[in-house]
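# Breakdown of the fold
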Amino acid sequence: MVLSLLIGALSVCGLFLILWTLFDALLMPPPEEDSFHVYRLRGNASAAQQLVKACLRVRQHRGMRGSLLFVDDGLDPEAQIAVGMLLREQTGAYLCAKSQIGDFLQWERENVGTGTD
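No experiment lies behind these values; they were computed from the predicted model shown.

## Observations concerning the overall build of the chain
In terms of regular secondary structure, the chain is built from four helices and three strands. Within the span of the chain, comprising 117 residues, buried residues form 21% of the whole. For the chain, long-range pairs separated by at least 24 residues make up 79% of all intrachain contacts whose partners lie at least 6 apart in sequence.

Here it is as structure tokens:
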């Protein structure tokens, strides 16, 4: 009897959480198209490729909008070539050095931002 009540209570909580998530998703405004997502890349080619592929997959299939900015924070030469090959056909995905991130953010502030910062 107690087990049946516990399963029933957990089922009600689970249904409530699913409905809450759906309701929240319906009321959430769509994300702005002109936003930047900045990711630091470091290490070897396999780790960098995995992160870049995951970000591209999220952007394509899960509705993430905006530009992806990958910052080279210590990639080895093989990883730089691999990431460059992955991003070659992509629009709105960029690989830059740490010294270039200021230029990208300045462009974002002038062209995308509201001008209040």
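## Re helix 3 (residues 77-87)
Three or more residues of helix 3 are buried, namely Ala79, Ala82, Val83 and Leu87. The buried residues of helix 3 all sit within an arc of 125° when viewed along its axis, so they share a single face. In helix 3, those exposed residues whose orientation departs by more than 90 degrees from the buried face are Pro77, Glu78 and Ile81. Buried residues along helix 3 sit in contact with strand 1 (36-43), helix 2 (45-61), strand 2 (67-75) and strand 3 (93-97).

Thresholds applied
- Residues numbered from 1 in each chain as written.
- Predicted model: local features only at pLDDT ≥ 70, side-chain atom pairs only at ≥ 80, totals over all residues.
- Heavy atoms only, no water.
- Helix = DSSP H or I, 4+ residues; strand = E, 2+ residues; numbered from the N terminus.
- Buried < 20%, exposed > 50% of the residue type's maximum accessible area, 1.4 Å probe, protein only.
- Contact = heavy atoms within 4.5 Å.
- Arc of directions from axis to C-beta.

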